[in-house]
Amino acid sequence: MGKRALLISLLSFISCALCGAQESRHNILALRTNLLLPLLNAGLEIPISKHLSVSGDVYYPWIGYDKANANCVQAGLADIQFHWFLKPRAIRGHKGNTMTGPVISLGACSGLYDFERNMKGLQGEIAELYLDIGYAFYPSDHYRITLSIGAGVAQLPYRTYTVYSEGGRLIRDNSGVDLIKQWAGPVHASVMLQIPFSAGGGQRK
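These numbers come from a predicted model, not from an experiment. Along each chain, residues carry numbers from 1 onward, in the same order as the chain's sequence is written. The predicted origin of the model limits local features to residues at a pLDDT of at least 70 and limits the giving and counting of side-chain atom pairs to 80 or more, whereas totals for whole chains, interfaces and linings rest on all residues. Side-chain metrics rest on all non-hydrogen atoms present in the structure, leaving aside hydrogens and water.

## Section: the overall build of the chain
Moving on, step 1. Helices and strands together make up the secondary structure of the chain, namely 1 helix and 9 strands.
Moving on, step 2. Runs of H or I in DSSP of at least four residues are treated as helices and runs of E of at least two as strands, each being numbered from the N terminus. Of the regular secondary structure in the chain, the N- to C-terminal order runs α-β-β-β-β-β-β-β-β-β.
Moving on, step 3. Exposure categories follow from relative accessible area, calculated using a 1.4 Å probe and restricted to protein chains: below 20% of the type maximum is buried, above 50% is exposed, and the middle band is partly exposed. Residues classed as buried in the chain amount to 44% of the 205 residues present.
Moving on, step 4. Contact definition: two residues touch when any of their heavy atoms are within 4.5 Å. Of the contacts formed within the chain by residues at least 6 apart in sequence, a portion of 63% connects residues at least 24 apart.
Moving on, step 5. Counting every atom, the chain has about 11300 Å² of accessible surface; 64% of that belongs to carbon and sulfur. Areas reported here follow the Shrake-Rupley algorithm with a probe of radius 1.4 Å; residue values treat only the protein chains shown as occluding.

See below:
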């Protein structure tokens, strides 16, 4: 899946979710970002019911190659989560689901990555399915923080390569068969900053 396909999929998800949210004037949405990767991700969370919300995030730590084509850190990931709030409560100045308290989340992540150092690197894809536990709270009326950590399974098919001259092409090391790394354990963590808005577009104060 290419970077363009990931972005199109996430935009389609956000569009469908917004249409559902606008059916109820009591719903709010929240813009969000994971502070563990500042300025390198953005997302949206939308309530579905009193206990349930859905979110979509894009991670884009896409740092290009240097002039020698020797080092890079590149990734493009799309992450979708369904959140179940165990004890939702009303917050003064907000209507509907304010997305607070203990929360359990089911998430799926998919994307691409390319890591290179000193002209040797690897490229691959990632697919994850995980379960998060966390807690959401309002330090002020204007924003919310959600702390969470999750475990699950991940599959990472990849291939290694070498660059033999400065500015040269990436030459695959093996015979064309992808290597596959599988992992079960901790796969997700976030310190999520969320800014709530009404479904009509105005921020509540």
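So, next bit.
## Some remarks on the side chain of Ser55
Moving on, step 1. Topologically, Ser55 is positioned in strand β3 (residues 52–59).
Moving on, step 2. Given the relative accessible area of 0%, Ser55 is considered buried.
Moving on, step 3. In terms of polar contacts, Ser55 uses its side chain to reach the side chain of His83, at 2.7 Å. For the purposes of these results, a polar contact is taken to be a pair of N or O atoms within 3.5 Å, where, inside protein, one atom must be able to donate a hydrogen and its partner to accept one; residues adjacent in sequence count only when each atom of the pair is a side-chain atom.

## Points about empty space enclosed by the protein
Moving on, step 1. Here a cavity denotes a set of grid points, spaced 1 Å apart and computed over the protein atoms alone, in which a 1.4 Å probe fits but from which it cannot get out, and a pocket denotes an open set meeting protein on both sides within 12 Å along at least five of seven lines; residues with an atom within 4 Å of a point are reported as lining. Grid points are joined across faces, edges and corners, and a volume is the space filled by probe spheres set on the points. Taken as a whole, this structure holds 1 cavity of 30 Å³ or more when the rule is applied.
Moving on, step 2. Residue lining of the largest cavity: 15 residues in total, with Arg32, Gln81, His83, Thr146 and Ser148 positioned closest to the centre.
Moving on, step 3. When residues of the lining of the largest cavity are assigned to their parent elements, the largest contribution, 4 residues, is made by strand β9 (residues 179–198).
Moving on, step 4. Here the term charged refers only to Asp, Glu, Lys and Arg, the term nonpolar to Ala, Val, Leu, Ile, Met, Phe, Trp, Tyr, Cys and Pro, and the term polar to all other amino acids, Gly among them. Among the residues forming the lining of the largest cavity, the class breakdown is 3 nonpolar, 8 polar and 4 charged.

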